[in-house]
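Residues per chain are reported as follows:
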Amino acid sequence: MAVLKVKFTKTKRDKLAQILWILNWVSVVSGIILFSLGLFLKIEIKKRNEVMAKGDINSVPNMLISVGVIACIINFLGGKICYDCSDANKFSRWKLVMLPYLVCSFCFTFCILVGALMCYTMRNELEESLYLGLRDAIKFYKDTDIPGRCFLKKTVDLLQIGFHCCGNNGFRDWFEIQWVSPRYLNMASKEVLDRLKSNVDGKFLVDGVPFSCCNPSSPRPCIQYQLTNNSAHYNYDFLTEELNIWVKGCREALLDYYTAIMRSIGIAALLIWLFELSVLIGVRYLQTAMKNVLLLGDLEGESDGWLLENSFVETAKYNINIIKNLGKANQICTVSGMNDPNIDVQNTNCGKTNVTTKSIPAAR
């Protein structure tokens, strides 16, 4: 029994074809939107690729860009098909193309759903990429004279100023690395030498942070050094007083920023998926209604349209059997007791017996 069967008159078929023609052009615009969203996300990620480790974080924007391009192509073709379906004679040229087109459109619509869901599952990969990338960027913050790293200081400073953050997980990350370049250390100073000797790796570690961690909204001058030493500053207690530097880590700040972008893109992609799915259902009804009107032979009469010709269970079993039987047509039966059809072929006499053969006359 057909699923969701609807009866169409010629007027309804023509109106459905016209509406779908318009909706397919709207779908072309939605494909451009998907492409633009993917391109925007890719650019935003590329802006800060210096503080991100290499990984699969570009899979989501690449997916959206690809789906957007395919959407424009498929929906442009769909608009042409729906426009011709208003005329039964023109539909005959698309009759064999409609079913493959619907299958391709279904796969494409499924890809939109996958792309939308990927926007919500990308958080873990992005968090790991930011953690590793920021860790290395902070580690090489002082290497302003080394090619390939000379711009990391500027990148990290602008990042901390722009996103109101400090360090990877927090401002204490700066306490664990040497972020001051050796060229700016006075090796004749006893304090510097004592700090270098006190560290096993010979690093100059201080309980201070770069200037970019300072909060300009703080009422007191920025305290960059000796953050944990209460006696070094007047009327200061680092445990109870709100520090005049950014407390949030840059990993958390960037993660919140990209999560908000991907959440918005995911919602837009889901809405586009629902729209594309409704257009696909409409094209399916148009295809079955036009197919049936050709079978009936009355181009002006009524015809049935449906979503599935058989029930969901029967359709699933039919498709599973097709998948199972793929390639079996070229296989040779090797069951015991059966011969190769190309070997020992027995001749048949078609029911005739004692057929005499004429002798070939000898040459004279």
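One numbering rule holds for all chains: residues counted from 1, following each sequence as written. Residue-level local features of this predicted model are given only where pLDDT is at least 70; pairs of side-chain atoms are given and counted only at 80 or more, and the full residue set underlies all totals for whole chains, interfaces and linings. To get the side-chain values, all heavy atoms of the structure are used, and hydrogens and water are removed first.

A.B. asks: Help me understand the state of the cysteines, please; the structure alone is not making it clear to me.
C.D. replies: Here, the word disulfide means a covalent bond between the sulfur atoms of two cysteines. Cysteine sulfur atoms are paired as a disulfide whenever they fall within 2.5 Å. Applying the stated criterion to the full structure yields 3 disulfides. A sulfur-sulfur separation of 2.1 Å characterises the disulfide bridge that pairs Cys165 with Cys250. On the sign convention where negative is left-handed, the bridge of Cys165 and Cys250, at about 85° about the S-S bond, is right-handed. Here Cys165, found in the loop between α6 (152–163) and α7 (190–198), pairs with Cys250, found in helix α8 (residues 250–296); they are 85 residues apart in sequence, far enough to count as distant. Only protein chains enter the calculation, and the probe is 1.4 Å; a residue is then buried if its accessible area is under 20% of its type maximum, exposed if over 50%, and partly exposed in between. Take Cys165: its relative accessible area is 0%, and that puts it in the buried class. Covalently, Cys214 is tied to Cys222 through a disulfide, its sulfur atoms 1.8 Å apart. Its torsion about the S-S bond being -70°, the disulfide of Cys214 and Cys222 is classed as left-handed. Counting only the cysteines that form disulfides, in the order they appear in the protein, gives the pairing 1-6, 2-3, 4-5. Where helices and strands are cited, they refer to DSSP runs of H or I of at least four residues and of E of at least two residues respectively, numbered from the N terminus.

A.B. asks: Please clarify how the pattern of salt bridges should be interpreted in this entry.
C.D. replies: Close approach of charged atoms allows side chains of opposite charge to pair. The working definition used for a salt bridge is a side-chain nitrogen of Lys or Arg within 4 Å of a carboxyl oxygen of Asp or Glu. A complete count under the given rule lists 12 salt bridges for this structure. Residue Arg48 pairs with Glu44 through a salt bridge whose shortest N-O separation is 3.5 Å. Relative accessible area serves as the criterion here: at 18%, Arg48 is assigned to the buried category. A relative accessible area of 5% places Glu44 in the buried class. Taking the shortest distance from any N to any O, the salt bridge between Lys142 and Asp143 comes out at 3.7 Å. Lys142 sits in the partly exposed class, given a relative accessible area of 21%. Each of Glu44, Lys47 and Arg48 takes part in a single network of salt bridges with overlapping partners.

A.B. asks: What should I look at first to understand the packing of aromatic side chains in this one?
C.D. replies: By convention here, two paired aromatic rings are described through the distance between centres and the angle between planes. Whether two aromatic rings pair depends on their centres lying within 6.5 Å, for rings of Phe, Tyr and Trp, where Trp uses its six-membered ring; planes under 30 degrees apart make the pair stacked, over 60 edge-to-face, and the rest tilted. Per the stated rule, a full pass over the model turns up 8 aromatic pairs. The interplanar angle of 90° and the centroid separation of 5.4 Å between the aromatic rings of Trp25 and Phe76 together place this pair among those described as edge-to-face. Of this pair, Trp25 sits in helix α1 (residues 10–47) while Phe76 sits in helix α2 (residues 59–84); the two residues are 51 residues apart in sequence, bridging distant segments of the chain. Judged by relative accessible area, Trp25 falls into the partly exposed class, the value being 38%. Ring centres 5.0 Å apart and planes at 75° place the aromatic pair Tyr141 and Trp174 in the edge-to-face group. Placement of the pair is Tyr141 in the loop between α5 (123–139) and α6 and Trp174 in the loop between α6 and α7, with a sequence separation of 33 residues. Trp174 matches Tyr141 in its accessibility class, with the two residues each being buried. Taken together through their ring pairs, the aromatic side chains of Tyr141, Trp174, Trp179 and Tyr225 make up a single cluster. Sitting over the face of the ring of Phe140, Arg149 holds its NZ or CZ atom 3.7 Å from the ring centroid. Lysine NZ or arginine CZ positioned within 6 Å of the ring centre and within 35 degrees of the ring normal marks a charge as sitting over the ring.

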